[in-house]
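# Geometric and topological summary
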Amino acid sequence: LIIAKDTDGHFYIPSRNFNNMADMREGWGYYMRLDEDDVLIYQRQRRDDAPECSGLPAHAEASFSTPVHKAGFINQTAIEPVHLPVLASTEQNMSLLVSSEPGISGEIGVYANGQLVGTGVLQDGVCGIAIWGDDPSTTSKEGAGKDETLEIRLVDENGEHNIRYTVIEGDLKYTTNSILVISINGIETVPDEFGITSIYPNPFNSKAAIRYNLTEAGAIQLNIYDLTGRLVRNLVNKKLNAGSHSMMLDGSDLTSGFYFVKLEAMSKTSVMKVILVK
């Protein structure tokens, strides 16, 4: 067994001793890739820490339950990010396994051409992330396209940071059902350019994540205006450290239409258009 995945993108990679999938459940769909034909034995057994008749899948000597007791095996329950949005399934994904050096914590955001396509939370220096691909059956772009280059950043309470990392396995380009493994070596805190870097999704229905860079510390204003130039809302008005930052725009009380998001700081200005569609 090379990898097993559920419909939420959680996965089990035996060779990496990592699993953030729950036990397999009867009637649910799963993806499995093996290096040769074999037989999946679906076990029902009772454990002290599980309900009677809990479904436990097994493949040869590797199962979803027994590796928990192996030295070095990581068995996680995926938790939702706070600073980044939770992305909806597009039914196509690739799997990213992230590890980090001690002292590095936060959330991981994966981007393809500025669009957020995967999020996860480091837990004890490790996390598994589903990188969602575009759904070809729709006219909008919901995820990464084939062979699009992926960017990986760290987000914490101080904002968004570029990171230094090593690719252990795979390629930094999106391919459905592929595996990417990286190790984070350090954090780069100061961006090279000032301004709003992305608003995702755009157009948006109710909420959108705004990302922006500050090349030095200082007081900032982040505002949203309508097409007439009228100030609609002040989003941020405070002093921030240099670095990459993000905030969530809640447009649930706004009317559909075009708006401008304007960042002002250090005698510099950056403007990006956003479309609200309800």
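Definitions and cut-offs
- Residues numbered from 1 in each chain as written.
- Predicted model: local features only at pLDDT ≥ 70, side-chain atom pairs only at ≥ 80, totals over all residues.
- Heavy atoms only, no water.
- Helix = DSSP H or I, 4+ residues; strand = E, 2+ residues; numbered from the N terminus.
- Buried < 20%, exposed > 50% of the residue type's maximum accessible area, 1.4 Å probe, protein only.
- Contact = heavy atoms within 4.5 Å.
- Core = buried A, V, L, I, M, F, W, Y, C linked by side-chain atoms within 4.5 Å.
- Pairing = 2+ DSSP bridges.
- Axes fitted to C-alpha atoms, helices over the stretch in contact; angles between N-to-C directions.
- 1 Å grid on protein atoms, 1.4 Å probe; cavity = no way out; pocket = protein on both sides within 12 Å on 5 of 7 lines; lining within 4 Å.
- Points joined across faces, edges and corners; volume = space filled by probe spheres on them.
- Nonpolar A, V, L, I, M, F, W, Y, C, P; charged D, E, K, R; others polar.
- pLDDT = per-residue confidence, 0-100.
- Polar contact = N/O pair within 3.5 Å; in protein donor to acceptor, adjacent residues only side chain to side chain.

When you go through the chain residue by residue, the secondary structure sums to zero helices and 22 strands. The burial tally for the chain puts 46% of its 278 residues in the buried class. In the chain, the proportion of contacts linking residues at least 24 apart, taken out of those at least 6 apart, comes to 61%.

The next thing to look at is the nonpolar core. Ranked by size, the top nonpolar core spans 23 residues in total, and within it Ile210, Tyr212 and Leu222 carry the most contacts. Look past the residues within four positions of isoleucine 210 in its chain and what remains in contact with it is Ile196, Ser198, Ile199, Leu222, Leu235, His245, Ser246, Met247, Leu249 and Val261. Counting residues in hydrophobic clusters, the runner-up holds 21 residues, among them Met94, Leu96, Val117 and Ala144.

Here we have five strands laid out as an open sheet, ordered E4-E1-E2-E3-E8, and mixed in their pairing. The sheet terminates laterally at strand E4 (30–33) and strand E8 (74–75), the two strands that pair on one side only. Relative to E4, strand E1 (residues 3–6) runs antiparallel, the two being bridged by four bridges. Paired with alanine 4 across the strands is methionine 32, a residue of E4.

Spatially, the four strands line up as an open sheet ordered E19-E18-E21-E22, and their pairing is antiparallel. In this open sheet, the two edge strands, each paired with only one partner strand, are strand E19 (231–240) and strand E22 (268–276). Pairs of neighbouring strands in the sheet enclose a mean axial angle of 15 degrees, with direction left out of account.

Let's shift gears to empty space enclosed by the protein. Over the atoms, a rolled probe matching the size of one water molecule traces out where space is still vacant. In the structure shown here, the tally under the stated rule is one cavity of 30 Å³ or more. Of the voids in this model, the largest cavity is the one considered here, and its volume is about 60 Å³. If you trace the largest cavity, you find it lined by His83, Leu84, Tyr111, Leu116, Ser198, Tyr200, Ala209, Arg211, Ser246, Met247 and Met248. No other element matches strand E20 (residues 243–250), which puts three residues into the lining of the largest cavity. The residue makeup of the lining of the largest cavity, split by class, is seven nonpolar, three polar and one charged.

With that settled, consider the confidence of the model for the chain. Confidence in the prediction of the chain, expressed as mean pLDDT, is 86, and 89% of residues score 70 or more. In the predicted structure, residues 50–69 sits below a pLDDT of 50 and forms 47 contacts with residues beyond four places in sequence or in another chain.

One can find asparagine 223 in strand E18 (residues 218–226). Between the C-alpha atoms of asparagine 223 and valine 261, which are 38 residues apart in sequence, the distance is 5.8 Å. With residues up to four places along the chain from it excluded, the contact list for asparagine 223 reads Leu231, Arg233, Asn234, Leu235, Phe260, Val261, Lys262 and Glu264. Reaching out from asparagine 223, the side chain makes a polar contact with the side chain of tyrosine 225 at a distance of 3.4 Å. A polar contact of 2.5 Å, which involves the side chain of asparagine 223, links it to the side chain of asparagine 234.

Turning next to the side chain of lysine 5. Assignment of secondary structure puts lysine 5 in strand E1. Of note is the side chain of lysine 5, whose polar atom sits 2.9 Å from the side chain of asparagine 93. Beyond its immediate stretch of four places on either side in the chain, lysine 5 contacts His10, Phe11, Met21, Tyr30, Tyr31, Asn93, Ser95 and Asn177.

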